[in-house]
Amino acid sequence: MALRLTSSICLRQLLLAQRRCLSMYYTESHEWVKVDGNRFKIGITDHAQAALGDVVFVELPELETEYDAGDEIGTVESVKAVGDVGCPVGGIVQAVNELLLEKPGIVNSSPEDEGWIAELEMTDSSGLENLMNEEAYRAYLADGA
C-alpha cells in the first residue's frame, strides 16, 4: 500500500513536471499560457482577438511586478471593446512585449505567437491544473464559449 501511494505521488509530480516543459494552455476567459520550464508567456487567444476586432492599444504590466493567479495583468483595447487580460498562474514579470506599444495589431495578426503580452517567472504552478490543453479548449469553443 505504501509503495502504491509513493508511486502515485511520484507519477503525479512527473506529470506536473511534464506539463511545465514547453506546453500551451488555455483559460475559459480566452488567455493562453505557454510554459517553458519555470517561465511562461501569456497572451490572448485567436478567438479573443477575433471577438475584440482591430486592437489599437495594449496595456503591458510593469517589470518585476508579482501577480497571483486570477490577477489582472493588463488590458487589450480594440475599436469595439476593452478586454482584461488575467494571469492564470502566479508569477513575476520578467519581460514585456514592447513591440505591442508601437504595433498593437500584432495581437490580431499573431495572437498566439508574436502577440505575446508578458513573460513571467512562475512562483505558483498550482493554477496550471485548472487550465485546458488545446484539445479541451477547442471542445470548449465548439460548445459555444
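Quick note: structure is the one above.
**Observations concerning the overall build of the protein chain**
When helices and strands are counted, the protein chain shows five helices and nine strands. The linear arrangement of helices and strands in the protein chain, starting from the amino end, is α-β-β-β-α-β-β-β-β-β-α-α-β-α. Each of the 145 residues in the protein chain was classed as buried or not, and the buried ones make up 40%. Surface summary for the protein chain: the accessible area is close to 8100 Å², and the carbon and sulfur share equals 50%.

**What to know about the environment of Leu 101**
Note on placement: Leu 101 falls in helix α3 (residues 99-102). Spatially, the C-alpha atoms of Leu 101 and Phe 57 are 7.0 Å apart, while their sequence positions differ by 44 residues. Here Leu 101 is in contact with Val 58 and Leu 60, once residues within four sequence places are set aside.

**Overview of the sheet that holds strand β4 (residues 55-59)**
What the three strands build is an open sheet, ordered β4-β6-β7; its pairing is antiparallel. Each having just a single partner strand, β4 and β7 (82-87) make up the two edges of the open sheet. Ignoring which end each strand starts from, the neighbouring axes of this sheet average 25° apart. One ladder, built from four bridges, connects β4 with strand β6 (residues 71-78); its direction is antiparallel. Residue pairing for β6: Phe 57 is matched across the bridge by Glu 77.

**Structural notes on the sheet that holds strand β1 (residues 23-26)**
Strand order across the open sheet formed by six strands is β1-β2-β3-β9-β8-β5, with antiparallel pairing between neighbours. Lying at the two open borders of the sheet, with one neighbouring strand each, are β1 and β5 (66-67).

Conventions adopted
Starting afresh in each chain, residues are numbered from 1 along the sequence in its written order. In keeping with the model being predicted, local features are shown solely for residues with a pLDDT of at least 70 and side-chain atom pairs are shown and tallied solely at 80 or more, while totals for entire chains, interfaces and linings include all residues. The side-chain numbers reported here are obtained from all heavy atoms of the structure, hydrogens and water having been left aside. Helix and strand assignments come from DSSP, with helices taken as H or I runs of at least 4 residues and strands as E runs of at least 2, each series counted from the N terminus. Three labels apply to residues, based on accessible area from a 1.4 Å probe with only protein chains included: buried if under 20% of the type maximum, exposed if over 50%, partly exposed otherwise in between. Accessible surface is estimated by sampling points in the Shrake-Rupley manner with a 1.4 Å probe; for residues, cover comes only from the protein chains shown. Two residues form a contact once any of their heavy atoms are found within 4.5 Å. Strand pairing follows a simple DSSP-based rule, namely that at least 2 bridges must link the two strands. In this analysis an axis means a line fitted to C-alpha atoms, helices contributing only their contacting stretch, and an angle means the value between N-to-C directions, from 0 to 180 degrees.

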